[in-house]
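Here's the letter readout for the chains.
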Amino acid sequence: MAILVTGGTGYIGSHTSIELLKRGERIVVLDNLSNSKIEMCDSIKKLSGKDFKFYQVDLLDKPEVERVFKENKIEEVIHFAGLKAVGESCEKPIEYYHNNITGTLNLVDVMRKNGCKKIVFSSSATVYGDPKTVPIKEDFPLSTTNPYGSTKLMIERILTDVYKSDNEWSVILLRYFNPIGAHESGEIGENPNGIPNNLMPYINYVAAGKLDHLNVFGNDYDTHDGTGVRDYIHVVDLALGHLKAIDKARKITGVEAYNLGTGTGYSVLDIVKAFEKANDIKIKYEITNRRPGDIAVCFADPTKAKEELGWEATRDLEQMCKDSWKYTKNNIK
Ligand code: NAD
Ligand code: UFG
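The structure contained in this document is the topic of the report that follows.

What counts and what doesn't
Residues numbered from 1 in each chain as written. Chains lettered and ligands numbered in written order. Predicted model: local features only at pLDDT ≥ 70, side-chain atom pairs only at ≥ 80, totals over all residues. Heavy atoms only, no water. Helix = DSSP H or I, 4+ residues; strand = E, 2+ residues; numbered from the N terminus. Rg over C-alpha atoms; globule rule 2.2 N^0.38 Å. Buried < 20%, exposed > 50% of the residue type's maximum accessible area, 1.4 Å probe, protein only. Contact = heavy atoms within 4.5 Å. Areas by Shrake-Rupley, 256 points an atom, 1.4 Å probe, with all protein chains shown as cover. Lys, Arg positive; Asp, Glu negative; His and termini not counted. Charge placed at Lys NZ, Arg CZ, Asp CG, Glu CD. Phe/Tyr/Trp six-rings, centres within 6.5 Å; stacked < 30°, edge-to-face > 60°. Near = heavy atom within 4 Å. Polar contact = N/O pair within 3.5 Å; in protein donor to acceptor, adjacent residues only side chain to side chain. Nonpolar A, V, L, I, M, F, W, Y, C, P; charged D, E, K, R; others polar.

1. Focus: the overall build of the protein chain
Here is step 1 of the chain: A tally of regular secondary structure across the protein chain gives eleven helices and 14 strands.
Here is step 2 of the chain: Relative to the 2.2 N^0.38 estimate, which gives 20 Å for 333 residues, the radius of gyration of the protein chain is 19 Å and therefore close to what a compact globule would have.
Here is step 3 of the chain: Based on the C-alpha atoms only, the size of the protein chain along its principal axes is roughly 55 × 40 × 40 Å.
Here is step 4 of the chain: Split into buried and exposed, the 333 residues of the protein chain put 55% on the buried side.
Here is step 5 of the chain: Long-range pairs, those at least 24 residues apart, make up 79% of the contacts in the protein chain with a sequence separation of at least 6.
Here is step 6 of the chain: Roughly 14,800 Å² of accessible area belongs to the protein chain as shown, and the carbon and sulfur atoms make up 49% of that amount.
Here is step 7 of the chain: Across the protein chain, 43 positive and 47 negative side-chain charges occur, with their mean positions spaced 3 Å apart.

This is the structure:
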């Protein structure tokens, strides 16, 4: 019996795999390595002290996904695998829809054929679009503004329909807010390809001297200092949320969505200041135009996850900034 972790060598999947192994779960990791490296398997083994089977398999290759199920008794799936860059999804919508949607359809069909009916899915706060009010609750209206977000919302609907067709399924939709930080060892973390799009990796590149300065995308939002506000969550807290989600999936059938965030919003300048203070490094920045598609404020109401999963984030912003930098310092050449 094992949990299949798709996308398990990626940023969030690797941290989750470590926590699952540390808890004594048996896991099988599947990843096509399109956005991660095979060496991650050694890091996961080292940091957890446990072994696991890895398959370099693409979810688009259905016979190979079937082989993974044939060779292992998979009881539950945590489904991280997918393409995730918002900007790239606007340039390559067909690739994004194909990879994320077709990949999920293949996975779910193989699960069904093998009687595996429990899935925890990596969704995103992006499914709330531009929320009318904050904090965001799970029953807020859903909408999307880019192909990446649309794949997340479509997959949520696909999984909901699968449950409607067969009430034995357990579907847990985890809507992540902004994951940052890294494993406390400094061995694994987020390593984007090329110039980072997201705030924390970008700040780290500036700190490392790889980029000259941070562009702050707008200071005329309706927020305390005019810059965009988000709910940043430590990746290890996020990882631990998946263990609680698996516990829930083992207990119930149905479809449940949970926000995984801290409930606190920080602005871009709050993050810059916190990073400078935590690591004693000055971050040069310039205010530039707003980034198209950005919203002013996005933070979670994580009450449902606390009450129903028994989960809440415990790592603070200082820890997130320290762990991000520890990883970057050790790993960015
Ligand atoms: P990541 O890119 O580090 O990990 C995703 C992994 O999936 C990669 O290792 C990649 O190689 C693999 N993959 C992609 N397509 C695949 C396919 N067809 N078959 C097999 N493997 C495939 O990303 P992450 O930050 O760890 O995100 C994990 C999940 O969480 C994604 O679904 C992402 O959309 C979602 N998510 C991420 C964030 C974030 O800010 N990081 C926020 C909300 C939701
Ligand atoms: N920002 C800058 N400069 C940068 C990068 C970002 O000022 O160089 C600002 C943005 O304008 C925003 C904030 O920093 O106000 C956070 O931006 P990120 O790109 O780090 O994160 P987003 O909130 O835009 O999006 C992230 C993921 C999405 C996911 C969403 C909600 O990239 O995939 O969180 O989970 F959908």
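2. With respect to the environment of Leu-4
Here is step 1 of the chain: As for its placement among the helices and strands, Leu-4 is situated in strand 1 (residues 2-6).
Here is step 2 of the chain: Its relative accessible area of 0% is what places Leu-4 among the buried residues.

3. What to know about the packing of aromatic side chains
Here is step 1 of the chain: Under the counting rule described, the total for this entry stands at two aromatic pairs.
Here is step 2 of the chain: Ring plane angle 75 degrees and centroid distance 6.1 Å describe the contact between Phe-275 and Trp-325, whose orientation is recorded as edge-to-face. Note that Phe-275 is positioned in helix 9 (residues 268-279) and Trp-325 in helix 11 (residues 317-331), a separation of 50 residues in sequence.

4. What about unusual backbone geometry?
Here is step 1 of the chain: Backbone torsion omega between Val-134 and Pro-135 reads -5 degrees, so that peptide bond is classified as cis.
Here is step 2 of the chain: Summarising the element assignment, Pro-135 is placed in the loop between strand 5 (118-124) and helix 6 (147-165).
Here is step 3 of the chain: Not every positive phi belongs to a glycine, and Leu-33 is a case in point at roughly 60 degrees.
Here is step 4 of the chain: The residue Asp-280 is not glycine, and still its phi comes out positive at about 55 degrees.
Here is step 5 of the chain: By the secondary structure assignment, Asp-280 is in the loop between helix 9 and strand 13 (285-288).
Here is step 6 of the chain: The class for Asp-280 is exposed, based on a relative accessible area of 72%.

5. Digging into the site of ligand 1
Here is step 1 of the chain: Taken together, 26 residues surround ligand 1, and among them Asp-31, Asn-35, Ser-36, Phe-80 and Tyr-148 come closest.
Here is step 2 of the chain: Between ligand 1 and Ser-36, the relevant distance is 2.7 Å, taken from an oxygen atom to a side-chain nitrogen or oxygen of the residue.
Here is step 3 of the chain: Relative to its unbound accessible surface of 820 Å², ligand 1 loses 95% to contact with the protein.
Here is step 4 of the chain: When residues of the shell around ligand 1 are traced back to their parent elements, those giving at least two are helix 1 (11-22), strand 2 (27-31), strand 5 and helix 6.
Here is step 5 of the chain: Partitioned by chemical class, the residues of the shell around ligand 1 number eleven nonpolar, eleven polar and four charged.

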